[in-house]
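Chains, contacts and geometry: an overview
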Amino acid sequence: MSQINVMPDSALVVPPEAPHEKLVHGNHTFHDVTELVSEVTERKPELAWKICLALSVSVLGAFGAAVLYLIWSGTGIWGLQQPVGWAWDITNFVFWVGIGHAGTLISAILFLFRQKWRTSINRFAEAMTLFAVACALLFPGIHVGRIWMTYFLAPLPNQMGMWPNFRSPLLWDVFAVGTYGTVSLLFWYVGLIPDIATLRDRAKTKLRAMAYGVLSLGWRGSMRHWINYERSYMILAGISTPLVLSVHTIVSFDFATSVIPGWHTTIFPPYFVAGAIFSGFAMVVTLMVLARQLFGMKDLVTLDHLEKMNKIILLTGTLVGYAYAMEFFIAWYSGNEYEQYAFINRALGPYAWAYWTMITCNVISPQFFWFKRFRRSIPVMFALSILVNIGMWFERFVIIVTSLHRDYLPSSWGYFMPTIWDIAMFVGSFGLFFTLFLLFIRFLPMIAISEVKGVMPEASPHHGHHEGHGHGASIAAAEAR
Amino acid sequence: MSHHHDENQRDPMHHDENHEHDHETGHDAGPLTPIQENGKTYWRSLDHVAQTPEMQSFITREFPEGASELDDPVSRRSFMSLMGASVALAGLGTGCVRRPVEKIVPHSKRPEDTLPGLPQYYATTFQLSGRVTGLVVESNDGRPTKIEGNKLHPASVGAAGSLEQGAILSLYDPDRTVRVTQGGAESTWAAYDAAWNEGFGALRSSGGKGLLVIHEATRSPAFGATVAKVRETFPQARVVEWDPVSGDETIAATKLAYGQALEPVFSLERADTIVAVDADLLGAAPFHLRHGRDWAARRAPDAPGGMNRLWAVEPNFTITGGTADHRLRIRAGDAGAFLRALAAELQKRGVEIPAGIAAPSDAFAPKFVQTLAKELAGKKGRSVVAVGRHQPAAVQAIGFAINAALGNVGETLRFAPAHADVASPVDGVKAAAKALASGQVDTLVILGGNPAFDAPADLAFADAMAKAKTKIHLTAAPNETSRLADWVLPETHFLEEWGDAVAVDGTYSVVQPLVQPIWDGRSKIEVLTQVAGAPKKGYDVVHEHFLAGGADEGGRTEADWRKALHDGVHGGPKFVDATLDAGAVASAAGRVTKLAAASAGALDLVFLVDNKVFDGRFSNNGWLQELPDSMTKLTWTNAALVSPATAKELGVETNQMIRIEQGGRTLDAGVWVQPGVADHTIALALGYGRKVAGRVGENRGFDAYALRTSDALWMATGAKVTKVPGTAMLPTTQNHQSMEGRPLVREQTAQEYAANPTYAQELVKSPPLLALWKEHEYTGQQWGMTIDLNSCVGCNGCMIACQAENNIPVVGPEQVRMGRQMHWIRIDRYFASTSTDDSDLSEPEVVHQPVSCVQCENAPCENVCPVAATVHSKEGGLNDMIYNRCIGTRYCANNCPYKVRRFNFFDWHNRGEGTLTDVQKLSFNPDVTVRTRGVMEKCTYCVQRINSARRDAKLRGSEVVADGAITPACAQACPTEAIVFGDINDPNSRVSKIKAQPRNYEMLGELNTKPRTSYLARIRNPNPEMVS
Amino acid sequence: MAKHKLLVAEFDTPAEIVSAAGKLQSAGYRDYDAHTPFPIHGLDKAMKIKDSRLGWIVLGHGITGCLIGLGMQWWMNGVDYQMLIGGKPYFAYQAFVPVTFALTILLSAFGAVFGMFFLNGLPRWSHPLLAHPGFRRHTDDKFYLSVESDDPKFDATKTRALLEEIGGKRVALLEAP
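Residues numbered from 1 in each chain as written. Chains lettered and ligands numbered in written order. Predicted model: local features only at pLDDT ≥ 70, side-chain atom pairs only at ≥ 80, totals over all residues. Heavy atoms only, no water.

1. Let's talk about the overall build of chain A
Counted only if it meets this: Working definition: helices are DSSP H or I runs of at least four residues, strands are E runs of at least two. Numbering for both runs from the N terminus. Between buried and exposed lies partly exposed: a residue is buried under 20% and exposed over 50% of the maximum accessible area for its type, with that area taken using a 1.4 Å probe on protein chains only. Should any heavy atoms of two residues lie within 4.5 Å, those residues are counted as being in contact. For every accessible area listed, the method is Shrake-Rupley and the probe measures 1.4 Å; residues are considered covered only by the protein chains on display. A residue counts as positive if it is Lys or Arg and as negative if it is Asp or Glu; His and the chain ends are not included. Lys charges are placed at NZ, Arg charges at CZ, Asp charges at CG and Glu charges at CD.
The helix and strand tally for chain A stands at 18 helices and 0 strands. Burial statistics for chain A: of 481 residues in total, 66% are counted as buried. Within chain A, contacts between residues separated by at least 24 positions form 82% of all contacts whose residues are at least 6 apart in sequence. Here chain A displays about 16500 Å² of accessible surface, and carbon together with sulfur accounts for 73% of that area. Separation between the mean location of the 32 positive side-chain charges and that of the 28 negative ones in chain A comes to 5 Å.

Written out as structure tokens, the structure is:
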């Protein structure tokens, strides 16, 4: 809870300093903001949305069918083998968990760092987090040989009188990712309550009034509630920060605590977290660019927001690149022949193609963001953000498969090749992701209305009183001191 | 005296009246219809009387070839009802028919010494193309489930090879001949008997003119006697032996060299220097298990009598060549010339080689020949030169002469009388084919075998066979020959029949049934007695012949018979003295000259006896098909093996399809580049490419018999090769052949060992890891294992033993190609270059390393399992798998540095080549769980054996299991006793003593896994002069 | 007692409601509240709202989660069913850190959210304010003050006058249905 104490005045969501640039463009009133955001959920769904949903749902359906077939005949339908016992299944898991990091990170860490620009994108990013985590959780669930026995993972009293093995990183995953999913959901929901109340109060139909009414829990914007609400939000942000950092750390333990050369590496936790933020932000950019075009929110989600995201992508991408280099250095420095072979094999072995795809996408492509021109160019950032996500998928593939396919005993070396079912499951998971996402932007405010209002200059009680006396916020600042 | 499970000696169980066959359950009619005899109707069982659904479906079942066969309806119940039948009949039958009653452990009333749930062990004998091996077979509730060696039999000395052990699966082969058929239509023995008797008169009057009997190679005295009876009854009849792979030139060679038909018997334990000239002493040769044991006895660097040295000279890489200290690649046809060159060098060094044999030549690595000669000259009476049994008589004769000159005869080489005086192995089948082709044959009786498939190609046997009027084939399973026969008769499996056999050293042993014929078959002997005119039970023939024999021992009694049944063997070896006819050998040797050089345009062909499907008879045996070949690691197929140099010359590489043209015959084959094959030689394994073999055996690989002619059974020259489009699917269990310089298999030379015995332990490069916490202390009896890489020859015996003992599934070629084979113990095979350039594998060395779960004390697999499905047992300290707890995350397999864990990606028992029919389920070991889909499995150190030994110890009031009381299946099968198991906390146990040796090392021990299985470094014993 | 009533006044800007709330407070009213589309800084001071007690609730939950996490693992792996795994001790605390941490966070989060609901008396789906059609814009762009009839100083006419005096528009008297 230490995070709370660092806040000078916890009752304030909007810190006193004036925004350096206008976070909301165009001369919008509070009402305009409400209109702009709520209207999306009220107007008739446009064709584009319908088509996208139809597409996503059918992909999701295919995914379901593939899973049923998997359960019916066994994990053998994948390309798995000895020695490669994990491949696309766990690659997809780590990939999605990684993406799932941006949301909470933007909400929590940027919130604590008072990055007000977050308000236009945090809701969106949090939603993305939830859906990504949902996809992620699927894969550990279905990758096991006996899906109907997965409940053994839970510490439930059972006829064998046995308990799970808490020494296993896989069990740590269950708790870490489970917690992460739950906390992200709560965080997201808490943020939503005032905005759902807004939709409730605008509701034209009985159904909407009922649905939003129930979900808003009877929120009535009471100042006495806001005080606790703010504190709650603050604390959630506080505890989510170590959580978001811990989740991918723990996921990386799946590999770091093993004995397999290429997995058994101490650099994994920071390296995985950086990678997660990297991929998460890339995914947010991809989706944001689409959404703001589609729903005309260019004034709320401005180029400045996107540029800031791109800067973080550049930073984390470079961090990841550093980690790649460091792995090689340590392998050489360790003097361990197995370790050394594992990395030489990564870069030059049968899977070199995957390795260099990863390097190109993750290390080289973000370097374009050194240039403001590219940082602010919608097409460039869109293309790069997609490249980054491809690269990050390959990163996980490279770590998992190239380490497994050639470990200690050359007699047991192999080469993994995906089957049609591996591909079906991966593509299918996007079906789930986008279905959830499209439903979200249709039925919930995709931008945090009350928070955006909070960062508008008009939100300051001194606004409009002191014309000529410079900007109100400076007084606010003085007052705060 | 009943057999106790805890006695580790799996010595055979005592036989009493309860173990004799009941004539009624014999063969007067199929098991499916009531027996009509003496106007009475006898029912097989109450089920049968009641006509239960099981029995109905059982009766109306389709042919094995039929589609409905795919789901074999023989239920355990009906199987048991067959067993119970014997009792029913014992009751019903004896009233009116006076014959000795034989029962086969009827479980409807518990006989003495039979505890349901406790296995029993019976001694019997396995014959394979004249290879005779005494066995002890484990029977669970009347089901033979596991074959092991018979310590009392000279060819086995307690060990069993992959073929001997794999043969048990053929007993439960769902594609077996299940009933008499005539012209493809369902028939009965009764109908067949009637038909035979009808024609019998005519045959008799013609003195058997037009009767042709072809039988497989056999070493059975009783069978021989019956053949004599047939000749008596039908002086005009032709009785010939044909066996594609047993037929060897050794008898011809001994007749040439010694004037009498003899069998050479090697005593390798007495030899300091062993020279194997195209002779796979440890692999394909008769007595190979015994050879292994004797060779290993002198293999340890500190062995009493010193370490022996093995020189191999061969065209193809055999396991004998793999274990050799020095190996020379020669063309198969040059063995004779090599021996003459060696003789010349010996002569130079004062060895009295008879005149006319030596022929100096520097065509064979002079240094090799000279050093070898020098060594041999100094090892008179303590060396042996073995020549392959398929080498021409003259060549083998030269070998005998050299041994004689070295004074080895009577020391390392002794002679026993040959079982039968057969001339050249092909004469018989040639004559038979001629007679058939010229239409002289009315009645053709083929006892076992598959001549239409494996007879020499030039004889066109299948076409000739068609000319016979009546074709009768007694066969255990439908094959290419039975498809052409009018009458197809079900033959008994050797575990279902009575018989006898004589080992090469003259030791007599008995073949006795473990179970009543499942499919109501008859044995060769029984059918042959009918041919002879007096149908008899196998039991009677063998029993009577036994009692009649033994004049030299002063007659035999019923008691002797009992003892023979109990021990499996009777009497010992019968060695004879023989004097060499130097002149004859010399004149024959004169005709042995070096071949004209081969080239890419005129290649040599070498035909190999496959160590999995043998001559093709095991094609439908999933265990053996999936067994990786010792040297190539290929499964489910054969390939054209060529050396790397020749492959380069021919511009082909592995998987490339080629067309081999030899004497106007062509064959398409997939190439496999195999280091160690002689240049310009293509080695082809026989027995693949079966067209009619059953559900798993058909169209695997190619049929090398197509190029094999009667004048070139084993080696041919002048073959041409052209590339053809396409690639062959060659599933292998090992894709990477190099050890990458890692200290996995550690080896040094005897000289280095003498200088630095602990070298093997010092090889670890990376610094060892340490535990974060105080490690667990294991008290009480703690199990461990050692594997001596010095005596492991890579014969695969342990793999089949493990498969049979632990109910390991078969997955099929596609899955093997994907890397999903399930073997709990595998044998890693690495090639090493002997030249300075590591990539140069023209003269490779090979190492074998059996790897199964090493039972790490700090097991990486256990740490990562989220549901604790693999944990350590405190008693014994084993790394246990809990199948019903496993959810199949495969994390443990990923984190296993030894990669010994095997995952059930599918339900193997109901899928593809592994699909089980009910009858196959009878072969399961009831003490071991059959794993389901989605769970991980691995070696358990045969925990079921450990626990039963623990139980028995407790019953005797002891908490401690005596050392040697537990033998895992792999250790038990091992001919060279390379695998030793025991209590590592007991300093006096055998395993502890071995672990104390300086050669002992832990593979990947630097990971602090604390493996319970450790290895003994391999020590090579090169001749110092060859090294320098 | 009398039926529960509310007087509600509407304001247009944050500045107005902050000063109005201050005046109401200094007029001695206690049982009143402000309803705004977003939290306005300064308003809490004007209304002299005490600091939230949520932190303590969360702390309690966090400690509980930590203890449950560690205790569960100690009991399950260390005591109730001891299994020898990888040669590690039965209670391998090094390996038990991640789960302990996760449960600490999880319960803290529950504390933060449900504690907030508890302090705010949420959910409360029926409230006279919600019934007032004019009141709908409190989640959009208008700002409201509401005075409860339970307030000792509450007087339908006087309070109404005061509200209008301090700039409140569209003052309305709401009755709980």
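2. Observations regarding the sheet that holds strand β4 (residues 169–175) of chain C
Residue and element names in this part refer to chain C. In plain terms, the rule: Two strands qualify as a pair provided DSSP detects at least 2 bridges between them. A fitted line through C-alpha atoms serves as each axis, taken over the contacting stretch for helices, and the angle formed by two N-to-C directions is quoted from 0 to 180°.
What the 4 strands build is an open sheet, ordered β2-β3-β1-β4; its pairing is antiparallel. Two strands in the sheet have a free side with no partner beyond their single neighbour: β2 (32–35) and β4. Ignoring which end each strand starts from, the neighbouring axes of this sheet average 20 degrees apart. Pairing geometry for strand β1 (residues 5–11) and strand β3 (residues 143–148), over 6 bridges, is antiparallel. Counterpart to Phe11 in the pairing with β3 is Phe143.

3. Considerations on the interface of chain A and chain B
This is how the line gets drawn: Buried area: the accessible area, evaluated with a 1.4 Å probe, that two parts lose upon being put together, summed over both parts. Salt bridge criterion: a side-chain nitrogen from Lys or Arg within 4 Å of a carboxyl oxygen from Asp or Glu. Any pair of N or O atoms that falls within 3.5 Å is considered a polar contact. Within protein, one atom must be able to donate a hydrogen and the other to accept it, and sequence-neighbouring residues count only if both atoms are side-chain atoms.
Counting from both sides, the interface comprises 60 residues of chain A and, opposite them, 56 residues of chain B. Buried surface at the junction of chain A and chain B, both sides included, amounts to about 4600 Å², of which 54% is carbon and sulfur. Between the two partners, chain A and chain B, sit 2 salt bridges. Summed over the shared surface of chain A and chain B, the number is 33 residue pairs in polar contact (both at pLDDT 80 or more). Where the side of chain A that touches chain B is concerned, the elements lending two or more residues are α3 (47–73), α7 (169–202), α9 (223–256) and α12 (337–348) of chain A. In terms of residues, the side of chain A that touches chain B owes the most to one element, α3 of chain A, which gives 4 residues.

4. Things to note about the interface of chain C and chain A
Applied cut-off: All amino acids are sorted into three groups, where Ala, Val, Leu, Ile, Met, Phe, Trp, Tyr, Cys and Pro are nonpolar, Asp, Glu, Lys and Arg are charged, and the leftover types, Gly among them, are polar.
On the chain A side, the residues contacting the 74 residues of chain C number 66 residues. Of all residues in chain C, Phe38, Pro39 and His41 of chain C bury the most surface against chain A, accounting for 11% of the area lost on that side. A salt bridge links Asp51 of chain C to Arg231 of chain A, with the shortest nitrogen-to-oxygen separation between them at 2.8 Å. Looking at the side of chain C that touches chain A, the elements with two or more residues in it are α1 (14–26), β2, α2 (43–46), α3 (54–80), α4 (93–120) and α5 (128–131) of chain C. When residues in the side of chain C that touches chain A are grouped by element, the largest group, 19 residues, is from α4 of chain C. Its residues assigned to classes, the side of chain C that touches chain A shows 48 nonpolar, 13 polar and 13 charged.

5. A short note on the pairing of strand β10 (residues 262–266) of chain B
Consecutive residues of a regular strand have side chains that alternate between opposite faces of the sheet. All names here are of chain B. Counted residue by residue, β10 has 5 buried out of 5 residues, so it is predominantly covered. On β10, burial covers both faces: Leu262, Pro264 and Phe266 on one face and Glu263 and Val265 on the other are all buried. Here 5 bridges tie β10 to strand β15 (residues 413–417), and the two strands are oriented antiparallel to one another. Its bridge partner being in β15, Pro264 is matched across the sheet by Phe415.

6. Examining the pattern of salt bridges
Residue and element names in this part refer to chain B. Under the defined criterion, the tally for this structure stands at 70 salt bridges over all chains. A salt bridge links Arg293 to Glu977; the shortest N-O distance between them is 3.7 Å. Residue Arg293 is located in helix α8 (residues 288–297), and its partner Glu977 is located in the loop between α29 (969–973) and β36 (979–983); the two are separated by 684 residues in the primary sequence. Residue classification places Arg293 among the buried residues on the basis of a relative accessible area of 16%. The class for Glu977 is partly exposed, based on a relative accessible area of 39%. Residues joined by salt bridges that share partners form a network here, namely Glu216, Asp243, Glu491, Lys524, Asp615 and Arg617.

7. Some remarks on helix α10 (residues 335–348) of chain B
Residue and element names in this part refer to chain B. Applicable threshold: How far a helix is expected to stretch is found by multiplying one less than its residue total by 1.5 Å.
With 14 residues, α10 ought to run about 20 Å at 1.5 Å a step, and its terminal C-alpha atoms sit 20 Å apart, in line with that. Counting buried positions along α10 gives 12 out of 14 residues, so the element sits mostly inside the fold. Following α10 by one or two positions, Gly350 adopts a phi angle in the positive range, close to 85 degrees.

8. So, the domain arrangement of chain B
Residue and element names in this part refer to chain B. Worth spelling out the cut-off: Domain limits in this description derive from either an automatic procedure or a database domain assignment.
Domain boundaries assigned for chain B yield domain 1 (250–417), domain 2 (603–727) and domain 3 (751–762 + 782–901 + 938–1025). On a C-alpha basis, the centres of domain 1 and domain 2 stand 28 Å from each other. The interface is formed by 14 residues belonging to domain 1 together with 17 residues belonging to domain 2. Summing both partners gives a buried area of about 1200 Å² for domain 1 against domain 2, and 64% of it is carried by carbon and sulfur. Summed over the three residues of domain 1 that lose the most area to domain 2, namely Asn316, Phe317 and Arg329, the buried surface amounts to 41% of that side. Remark: the boundary between domain 1 and domain 2 carries 2 salt bridges. Between Arg329 and Asp679 there is a salt bridge, and its shortest N-O distance comes to 3.1 Å. Broken down by secondary-structure element, the contributors of at least two residues to the side of domain 1 that touches domain 2 are α9 (319–323) and β13 (326–329).

9. Some remarks on the nonpolar core
As a reminder, the rule being used: For this analysis, a nonpolar core means a set of buried residues of the types Ala, Val, Leu, Ile, Met, Phe, Trp, Tyr and Cys, connected via side-chain atoms within 4.5 Å.
Core analysis: the biggest nonpolar cluster contains 353 residues, and Trp96, Met425, Phe440 and Met446 of chain A, Ile660 and Leu684 of chain B together with Leu145 of chain C have the highest contact counts within it. Domain assignment of the residues forming this core places at least three in each of domain 2 (603–727) and domain 3 (751–762 + 782–901 + 938–1025) of chain B. Those residues within four positions of Met425 of chain A in sequence are excluded, and the remaining contacts are Phe63, Ala66, Val67, Leu70, Ile77, Trp78, Phe139 and Ile142 of chain A. In terms of nonpolar packing, the next biggest core, distinct from the first, is built from 71 residues, Leu268, Val351, Leu372 and Ala373 of chain B among them.

10. Overview of helix α6 (residues 156–165) of chain C
Residues and elements named next belong to chain C. Going by this rule: Within this analysis, the arc is defined by the directions that extend from the helix axis to the C-beta atoms.
Listed as buried for α6 are Thr159, Leu162 and Leu163. An end-on view of α6 places all buried positions within 100 degrees of arc, on one side of the element. Across from the buried face of α6, at angles greater than 90 degrees, the exposed residues are Thr157 and Glu165. Contacts made by the buried residues of α6 are with β1, α1, β3 and β4. With its phi angle positive at about 105 degrees, Gly167 sits one or two positions after the end of α6.

11. A few points about the sheet that holds strand β37 (residues 1000–1001) of chain B
One key point about sheets: their strands pair by backbone hydrogen bonds, in either a parallel or an antiparallel sense. Residues and elements named next belong to chain B. Sheet architecture is open: 4 strands sit in the order β36-β29-β38-β37, paired in mixed fashion. A single partner strand is all that each edge strand has here, and the edge strands are β36 and β37. Judged from the 4 bridges that link them, strand β29 (residues 783–788) and strand β38 (residues 1013–1016) form a sheet pairing that is parallel. Directly across from Thr786, in β38, lies its bridge partner Ser1014.

12. Overview of the packing of aromatic side chains
Using the following cut-off: Centre distance within 6.5 Å is the pairing criterion for rings of Phe, Tyr and Trp, where only the six-membered ring of Trp is used; planes under 30 degrees apart are then read as stacked, over 60 as edge-to-face, and the remainder as tilted. Charge-over-ring contacts are defined here by two conditions on Lys NZ or Arg CZ: a distance within 6 Å of the ring centre and an angle within 35 degrees of the ring normal.
Overall, the coordinates contain 85 aromatic pairs over all chains when judged by the stated rule. Here the aromatic rings of Phe114 of chain C and Phe117 of chain C are separated by 5.9 Å at their centres, their planes lie at 80 degrees, and the arrangement is edge-to-face. Here the residue Phe114 of chain C and the residue Phe117 of chain C both occupy positions in helix α4, the gap between them amounting to 3 residues, near one helical turn. Using a relative accessible area of 44% as the deciding quantity, one classes Phe114 of chain C as partly exposed. When the ring centre of Phe374 of chain A is taken as reference, the NZ or CZ atom of Arg373 of chain A above it lies at 4.7 Å. Lying over the aromatic face of Trp714 of chain B, Arg708 of chain B brings its terminal NZ or CZ to 4.6 Å of the ring centre.

13. Considering a nonpolar patch on the surface
Residues and elements named next belong to chain C. What counts, and what does not: Here the term patch refers to residues with relative accessible area over 30% and no salt bridge, with like charges joined within 9 Å and nonpolar side chains (Val, Leu, Ile, Met, Phe, Trp, Tyr) within 5 Å.
Side chains of Leu70, Trp74, Trp75, Val79, Phe91 and Tyr93 sit close together on the surface and give an oily, nonpolar patch of about 580 Å² of accessible area. If you tally residues by element for the nonpolar patch, the top one is α3, at 4 residues. With respect to the helices and strands, the residue Phe91 is situated in the loop between α3 and α4.

14. Quick look at the environment of Leu186 of chain A
On the secondary structure map, Leu186 of chain A appears in helix α7. Considered as a pair, Leu186 of chain A and Tyr233 of chain A are 47 residues apart in the sequence and their alpha carbons are 9.9 Å apart. Apart from the residues within four sequence positions on either side, Leu186 of chain A is in contact with Ala109, Phe110, Val113 and Phe114 of chain C.

15. Description of the pairing of β3 of chain C
Where burial is concerned, most of β3 of chain C is hidden: 6 out of the 6 residues are buried. Where burial is concerned, the two faces of β3 of chain C agree: the one with Phe143, Leu145 and Val147 of chain C and the one with Tyr144, Ser146 and Glu148 of chain C are both buried.

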